[in-house]
Amino acid sequence: MIHSLFLVNSSGDIFLEKHWKSVVSRSVCDYFFEAQERASEPENVPPVIPTPHHYLISVLRHRIYFVAVIQSEVPPLFVIEFLHRVVDTFQDYFGVCTEAAIKDNVVVVYELLEEMLDNGFPLATESNILKELIKPPTILRTVVNTITGSTNVGEQLPTGQLSVVPWRRTGVKYTNNEAYFDVVEEIDAIIDKSGSTITAEIQGVIDACVKLTGMPDLTLSFMNPRLLDDVSFHPCVRFKRWEAERILSFIPPDGNFRLLSYHVSSQNLHPLRSTSLVAIPVYVKHNITFREGSSQGRFELTLGPKQTMGKGVEAVLVNSQLPRGVLNTNLNPSQGTYTFDPVTKLLTWDVGKINPQKLPSLKGSMSLQAGASKPDENPTINIQFKIQQSALSGLKVNRLDMYGEKYKPFKGIKYMTKAGKFQVRT
Amino acid sequence: MSANSAFNEEKGGSSNVGEPEYGHDPASGGIFSSDYKRHDDLKEMLDSNKDSLKLEAMKRIVAMIARGKNASDLFPAVVKNVACKNIEVKKLVYVYLVRYAEEQQDLALLSISTFQRGLKDPNQLIRASALRVLSSIRVTIIVPIMMLAIKEAASDMSPYVRKTAAHAIPKLYSLDPDQKDCLIEVIEKLLADKTTLVAGSVVMAFEEVCPERIDLIHKNYRKLCNLLIDVEEWGQVVIINMLTRYARTQFLNPNMNESLLEEGGGEKAFYGSDGDDDEEEDKDEKDKKKAEAPSVVKRKPYVMDPDHRLLLRNTKPLLQSRNAAVVMAVAQLYFHLAPKAEVGVIAKALVRLMRSHSEVQYVVLQNVATMSIKRRGMFEPYLKSFYIRSTDPTQIKVLKLEVLTNLANETNISTILREFQTYIKSMDKDFVAATIQAIGRCATNIGEVRDTCLNGLVQLLSNRDELVVAESVVVIKKLLQMQPEQHSDIIKHMAKLTDNIQVPMARASILWLIGEYCEHVPKIAPDVLRKMAKTFTNEEDIVKLQIINLAAKLYLTNSKQTKLLTQYVLNLAKYDQNYDIRDRARFIRQLIVPTDKSGALSKYAKKLFLALKPAPVLESPFKDRDHFQLGSLSHLLNAKAGGYQELPDWPEAAPDPSVRNVEVKESVPEWTKCSSREKRKEKKVEKPFYSDSEGESGPTESADSASDTASDSESGSEESGSGSESEESDQQSESGSEEDEEEEERKKKKEKIKAKKPVPESDSEQSSEEEGKKTESKNKPRRGGSDTESGEDKDSETESSESEEEESEEESEEETKKKKKATVSKPPSKPPKIDNKKEKKEMSLLDLDDFDPAPSLSQVTPLNNFLSSSLVTDLEGLSLTDNVLSPTTITPSGNLKTYELLHRITGEGLSVEYCFSRQPFSPDPHMVAVQIQFTNSAASEAKNLHIEDAKLQSGMRMKEFPEIETLPAGETVSVVMGIDFCDSTQAANFQLCTHTRKFFVSIQPPVGELMMPIFMTENEFKKEQGQLMGMNEITEKVTLGEKCHGEHAVIQRVTTAANLSRVPCGSDKECRFAGKTVTSGSLVLVSVVTKDNGAAQVTVNCEKMVIGTMLVKDILQTLTQ
């Protein structure tokens, strides 16, 4: 399936190659570079590029292109999904997935890739199995290794591959047994000029950090499971049980993992109004105008909280791609800092926390190219924010129980709402 | 020696400190000598006997390989370390070996013996890893060794080693395709493997080596379907894709009778599945059936093979996988294989994937675009998920636009156009151009908005951006071609644009338009030509060609004004640099300017140039892309990729489904196959043969089905066909070749049977009656022999019915229905039968009737009890008449409890009552049928009674009744609707609407209505009960109410409280009932043990504890009253 993998950095250098079958010359990447040149933006490189003898399937993560070489028919998503899994694994191992990190750990990277694919077909992609085979590098271990000459490769054999619960290794031991769950909801919305919502939906995930001794069997139940409209699970979740009782029952992997991701249908939120939409926690008042024949444009932006259930809106960040005609801006933020990049025309305003008494605003003028006609498009405004201790949909975990082990674990649940792709059209 | 090593160490140490940069510096490879020297260092390190040095050297070598540097000259030094004790060194050596073995074949052979030793290691992981490396070494000489190793590993004890063997197969195949035949043997063997670990890998090997050998899948089909959910995610993708192809060759197109299906809905498929589930039937029987029952075929135009259903059912949960590739694989499977009505489920999952990385989005959108052409309705509810954000990459934007365009219809077009208006203002000009194209396509597809779109586009003509204008012109041109006469003002407007627009394509389009419709703008056209003639020399080629065109057309229509101009243009063109233009000019001159030399063609010049051109069809580029399997690389590229396996067309007639039976057996306990009348007859005819000739050995089926336990318990969820598995053949699957012989034998036998078989196919009743006789006579002698119940016969029934349960729910539902029919309609037809039977038999027949008003179990002798199940099924078979395909309205039988849905007063004269009719809801077997009775006690008639706005808990579904157009005052009407309560007692809320009012109502089912009866024998019941112990069992003591003494009363009360069926029981102190939940099909077993003093004990066994608890309460209540 996957023949070879090339890692290409943003300046177009191949800094790592790995072949699972016969060696494919790296000149095959020339087709990729060609496509890269043709694309105006880095993310516009087509993920699948046919060449005379091969197909190149690539993903772009952390400004690195992961280019897989394919020789025959294979579902493209299969390869794409696998490449993303590789990136996730690197991130898991090295903390970051940058060119420097990969170069520093090239041997571990190679060992990982060797285990993840056999003859181009995925073999072990479960991070738990991999960690049993190849220990992630830590500073301490690096020091110890250089002194003692011991290795990163696990001494014991990878029994995880044989287990019925391949995502969990046996013999896990902790002195403090803890299980933390973060319910994180992201709100995706498009707000139109007049402030009315065009689309809004909530996508949530439950990320878990479970550090429990032995083989615990957990069940997690919700106060209002009916809110969840569409869910996808970590393979550890027992599907039947969910179908029947709407209870999450699972033997958790060790460490961090994503237990489930879900979609909240807007219908379930307001059972009485069929066309109701998600409650939008912030509003934006804007007035961005260009006048014909003038080299000045007006820019006014005010943010305010709305329907936040009494929780503060934090970490607000506004950015907007201004029209090409804008040369510079002269704006005055009531709080926070703003920057404008005259080359990319990207306006960024780091607002911070919204104080409901004194609403943050950004006002001022934009200078336009003299003589040029007024831009006919208005910029869209992208907003990021966070609301702590609240899940917008109202999803609540009812209880978490543990079976199979004797100790009492420490349990914690955190809620958070974030802006996903939150866009205001002006 | 020691000095030597010390030296090495020192040297290694120094290189370690001083030179690590060396290995990392790409520029240092420039001078050959230094390169050589460096490798010398590495060699020395590798030769040392300190592991740390070796490791360091190997790490540096691997780093070189990673950067694509050549390290092949180190091969001998590295290969020596293949047997190193240090695991990491060893692993890195493997990495090196696999990379360079191909180039250094001879030296690579040195390492082989190490791996061969590894293959014999007692540790499975070492065996596996040895095989893995050995097979990765691409050296042709070792092909025989590899082949041997693979063969051996394929029968290894450890599934992990077998998995590795499966992985090795494609490696060997690519190395030496001549091994194909041998490898296919190994694949065949591994396909039979029952572990999830192996399944994905072996199917992968199958796909690479012999995808055309679809016949290898037959026997493993059901197993693969059942294992699927537990296979690792990558394997799932491969298996699903393969099964899609398989299903296309083996099953019939579920949508082939679309019109018929629309009328009958799921009903047909539902009943149909029943007709087909006895694949164990012989082929000749099948043929016979076909021949015999043309009427049946007519009534059920399509029946879904239960195996087809199995695949659809088992893949559906995978839509919830976190792996996008798995979701996509299931989605394409549903798109290609599912009946139209069921494809919808994939939309939600695909829309979810759109939240993922942009590459995933890209692929998903491509597929959605293709799907949305065929099945627009599927994605319509998710229209807004395809709205475009300014931050999307352009390629995503364009694809979303494509989907939006495909989804546009009369109802949503205004919303979509409003969105498009926003997009036109985008800064991304490529995207704007695509939007304009999209508007054009909407306008062509939806006539109502054509004018609006056209006006909008005309406004765009004054846009400042030339690209936008140009694109608009092109689109307008296409639109105008559809109805030019109404739009001469637009043409005029465009004519003016020639002064400003510079984009060649746009200019050319305008000129063509003016030429084509010059009679609509007779004044302007010559003027445009005049201007164009002036600038002719400076125009682009396509514009020049259009100028010539325009000139020619004007000359033909208006030669007075334009004759000179035309000649001028043609003269200019004659000396143009481009030979195409020169040719064109020459050609046109000959045609239009009449000279004495001009040929016959010039007479037809007008016809040639002014012919009516058909309007262009603006089509989606994704049209017809679905002839490629969705989700595949070929689909994405719209070109066949290497190794792509064509998705076959549906077969005209279904191939023999019996090939999928793991073991074919001639007969099955007859009551598992009450499915079709024809088959039943066959059975009956066969029976005498067996019971007569083989007398003592008892009915064959008992022996057969006894073996099922083994296979059943192993895979947990055996499918319908395995009901016929036989003991012998089960063993055979373990031990190869005997099977064939036996089968052969069996076939012979079969033929014999067939030959002997008399053909007294009078009518079904008689034959089944005969069977009854047979069964009885067959059983009787044995009963005499041993009066305990544990005869093999009993066993057989238990087992077989158990496997039966696993069958599609539709089936058992069907069965219950039949049973009811039997009980309801049977009595009148019974007497003639009883006449020539013994009295005893009559009793047993009656006793079995659950709904019989006076069943008295005390009269039932053990014998009768024992016979009961088979007899009941006989009755079921008998009653399978046309009216089983019941009409949608069913009159409620007397003892059904009715509930009020809407009171006469609140309903303003309309009162609505509902009851649970306890009939299977034919359009969807997972729904509970609710019969609703409307009574109009108001003075005026009520109109348009229908349901609106259902607020269902997630997972619940509802099938509304068809709208009642009018309900005259004083009239009453009943309808049936279906609700899938998801096995919960949550209420279904909805609005009941009349033409004037809406009423909020809700239906909450009592727990007893969430189930449907199933048939069981006593032993089966006991066995199932045994499996549902512990938390699944709820026992309560109760004192029976005054009027509740006596078995009959208990039975009646329990069956009133819950939709269960009696399970025959030897003791009169105990009553047993069985059923299963409608949605999930979980078993519900109830037993009531009465004591002398009026006390009783109620036990409910149900996997669903909530249901169990509630049911106990309900039963207690009804018993104490």
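As annotated in an unreviewed UniProt entry, chain A carries the name AP-3 complex subunit mu-2 and comes from Esox lucius.

It is not clear to me how the overall build of chain B should be interpreted in this structure. Could you clarify?
If you tally the helices and strands in chain B, you get 49 helices and 15 strands. Burial statistics for chain B: of 1121 residues in total, 58% are counted as buried. Across chain B, every contact between residues at least 6 apart in sequence was considered, and the portion connecting residues at least 24 apart equals 69%. A total accessible area of about 46,000 Å² is found for chain B, and carbon and sulfur atoms account for 52% of it.

What is the right way to look at the packing of helix α25 (residues 413–424) of chain B against helix α26 (residues 429–445) of chain B in this model?
For any two helices packed against each other, the geometry is given by the interaxial angle and the distance between the axes. Residues and elements named next belong to chain B. Taken N-terminus to C-terminus, the directions of α25 and α26 make an angle of 155°; their axes are 9 Å apart at the nearest point. Classified by the angle their axes make, α25 and α26 are roughly antiparallel. As α25 packs across α26, the resulting crossing turns out to be left-handed. When α25 is examined against α26, the residues Ile413, Leu417, Phe420, Tyr423 and Ile424 are found in contact with a partner set consisting of Phe431, Val432, Thr435, Ala438, Ile439 and Cys442. Split by residue class, the contact of α25 with α26 holds 10 nonpolar, one polar and no charged.

Honestly, the side chain of Asp401 of chain A in this entry has me stumped. Any pointers?
Residues and elements named next belong to chain A. Structurally, the position occupied by Asp401 is in strand β22 (residues 397–403). Within the local environment of Asp401, its side chain forms a polar contact with the side chain of Arg399, the two groups lying 2.8 Å apart. If sequence neighbours within four positions are ignored, Asp401 has contacts with Asp217, Leu218 and Thr219.

Honestly, helix α2 (residues 76–94) of chain A in this entry has me stumped. Any pointers?
Residues three or four positions apart in an α-helix share a direction because the helix packs 3.6 residues into each turn. The end-to-end C-alpha distance of α2 of chain A, which contains 19 residues, comes to 27 Å, matching closely the 27 Å that a straight helix rising 1.5 Å per residue would cover. In the segment just after α2 of chain A, Gly95 of chain A is the residue with positive phi, at about 85°.

Explain the sheet that holds strand β3 (residues 48–50) of chain A to me, please; I cannot follow it from the model alone.
Residues and elements named next belong to chain A. The sheet built from five strands is open, its strands ordered β2-β1-β5-β4-β3 with antiparallel pairing. A strand with exactly one partner marks an edge of an open sheet, and here the two such strands are β2 (14–19) and β3. Strand-to-strand twist across the sheet, computed as the mean angle between neighbouring axes with direction ignored, equals 20°. Pairing of β3 with strand β4 (residues 55–61) involves three bridges; the strand directions are antiparallel. When the sheet's bridge partners are listed, Pro50 is paired in β4 with Tyr55. Sheet contacts for helix α4 (residues 106–116): β1 (2–8) and β2; angle to β2, the most-contacted strand, approximately 35°.

Explanation requested: the interface of chain B and chain A in the structure shown.
Accessible area lost when the parts come together is the quantity often used to give the size of an interface. Tallying the contact residues gives 97 residues for chain B and 102 residues for chain A. Approximately 8,700 Å² of surface area, both sides summed, lies buried where chain B meets chain A, with 55% of it carried by carbon and sulfur atoms. Among the residues chain B hides against chain A, the three largest losses belong to Trp234, Arg355 and Met427 of chain B. Together they make up 10% of the total. Here chain B and chain A share 10 salt bridges between them. Notably, a salt bridge pairs Lys91 of chain B with Glu115 of chain A, separated by 3.3 Å at the nearest N-O pair. In terms of residues, the side of chain B that touches chain A owes the most to one element, helix α4 (residues 51–66) of chain B, which gives seven residues.

Looking at this structure, I do not really get the pairing of strand β2 (residues 910–920) of chain B. What am I missing?
The side chains of a regular strand alternate, residue by residue, between the two faces of the sheet. Residues and elements named next belong to chain B. By the criterion of burial, β2 is predominantly enclosed, with 10 of the 11 residues buried. By the bridge criterion, four bridges tie strand β1 (residues 898–902) to β2 in an arrangement that is antiparallel. By the bridge assignment for β2, Glu900 is matched with Glu913. As paired strands, β2 and strand β3 (residues 928–936) are joined by eight bridges and run antiparallel to one another. Note that in β3 the partner of Pro920 across the bridge is Val928.

Looking at this structure, I do not really get the pattern of salt bridges. What am I missing?
Where side chains of opposite charge bring their charged atoms close, a pairing between them can arise. Per the stated rule, a full pass over the model turns up 52 salt bridges over all chains. In this structure, Arg660 of chain B engages Asp305 of chain B in a salt bridge whose closest nitrogen and oxygen atoms are separated by 3.1 Å. On the criterion of sequence distance, the pair formed by Arg660 of chain B in the loop between α36 (633–637) and α37 (677–693) and Asp305 of chain B in the loop between α18 (294–299) and α19 (306–315) is long-range, its members being 355 residues apart. For the pair Arg660 of chain B and Asp305 of chain B, one class covers both residues: buried. A salt bridge links Arg507 of chain B to Glu539 of chain B; its shortest N-O distance comes to 2.7 Å. Linking Arg507 of chain B in helix α30 (residues 504–516) with Glu539 of chain B in the loop between α31 (524–535) and α32 (541–557), this pair joins segments that are 32 residues apart in sequence. Salt bridges sharing partners connect three or more residues here, namely Glu81, Arg85 and Glu126 of chain A together with Glu233 and Arg322 of chain B.

Is there a simple way to explain the environment of Ser385 of chain B in this structure?
Residues and elements named next belong to chain B. Relative to the elements of secondary structure, Ser385 occurs in the loop between α23 (376–379) and α24 (394–407). The buried category is assigned to Ser385, whose relative accessible area is 15%. Sequence separation between Ser385 and Arg352 is 33 residues, and the spatial gap between their C-alpha atoms is 9.2 Å.

Could you clarify how one ought to interpret the packing of aromatic side chains in this entry?
Two numbers describe a pair of aromatic rings. These are the distance of the centres and the angle of the planes. Within the structure shown, the criterion is met by 28 aromatic pairs over all chains. Ring centres of Phe82 of chain A and Trp234 of chain B lie 5.8 Å apart, and the angle between their planes is 75°; on these two criteria the pair is classed as edge-to-face. One end of the pair, Phe82 of chain A, is in helix α2; the other, Trp234 of chain B, is in helix α14 (residues 233–250), on a second chain. An identical accessibility class is assigned to Phe82 of chain A and Trp234 of chain B; each is buried.

Mind showing me how you'd approach the packing of α31 of chain B against α32 of chain B here?
All names here are of chain B. Running from amino to carboxyl end, α31 crosses α32 at an angle of 140°, the nearest separation of the two axes being 10 Å. One finds that α31 runs oblique with respect to α32. Crossing angle aside, the handedness with which α31 passes α32 is left-handed. Contacts between α31 and α32 involve Ala525, Pro526, Val528, Leu529 and Met532 from the former and Ile547, Leu550, Ala551 and Leu554 from the latter. By residue class, the composition of the contact of α31 with α32 is nine nonpolar, no polar and no charged.

Looking at this structure, I do not really get unusual backbone geometry. What am I missing?
Phi at Gln389 of chain A is positive, roughly 60°, even though this residue is not glycine. By the secondary structure assignment, Gln389 of chain A is in the loop between β21 (380–388) and β22. Not every positive phi belongs to a glycine, and Asn638 of chain B is a case in point at roughly 55°. Locating Asn638 of chain B in the fold gives a position in the loop between α36 and α37.

Explain empty space enclosed by the protein to me, please; I cannot follow it from the model alone.
Left-over empty space is what a probe sized like a water molecule reveals as it rolls over the atoms. Within the structure shown, the criterion is met by 13 cavities of 30 Å³ or more. Estimated volume of the largest cavity: approximately 170 Å³. What lines the largest cavity is a set of 16 residues, and nearest its centre among them are Asp188 and Glu201 of chain A together with Met354, Ser385 and Arg389 of chain B. Mapped onto the lining of the largest cavity, the elements with two or more residues apiece are β8 (178–191) and β9 (197–211) of chain A. No other element matches the three residues that β9 of chain A contributes to the lining of the largest cavity.

Cut-offs and rules
- Residues numbered from 1 in each chain as written.
- Chains lettered and ligands numbered in written order.
- Predicted model: local features only at pLDDT ≥ 70, side-chain atom pairs only at ≥ 80, totals over all residues.
- Heavy atoms only, no water.
- Helix = DSSP H or I, 4+ residues; strand = E, 2+ residues; numbered from the N terminus.
- Buried < 20%, exposed > 50% of the residue type's maximum accessible area, 1.4 Å probe, protein only.
- Contact = heavy atoms within 4.5 Å.
- Areas by Shrake-Rupley, 256 points an atom, 1.4 Å probe, with all protein chains shown as cover.
- Axes fitted to C-alpha atoms, helices over the stretch in contact; angles between N-to-C directions.
- Parallel < 35°, antiparallel > 145°, perpendicular 65-115°, else oblique.
- Left-handed = near helix turned anticlockwise from the far one by under 90°.
- Nonpolar A, V, L, I, M, F, W, Y, C, P; charged D, E, K, R; others polar.
- Polar contact = N/O pair within 3.5 Å; in protein donor to acceptor, adjacent residues only side chain to side chain.
- Expected span 1.5 Å × (residues − 1).
- Pairing = 2+ DSSP bridges.
- Buried area = accessible area lost by both parts, 1.4 Å probe.
- Salt bridge = Lys/Arg side-chain N within 4 Å of Asp/Glu carboxyl O.
- Phe/Tyr/Trp six-rings, centres within 6.5 Å; stacked < 30°, edge-to-face > 60°.
- 1 Å grid on protein atoms, 1.4 Å probe; cavity = no way out; pocket = protein on both sides within 12 Å on 5 of 7 lines; lining within 4 Å.
- Points joined across faces, edges and corners; volume = space filled by probe spheres on them.

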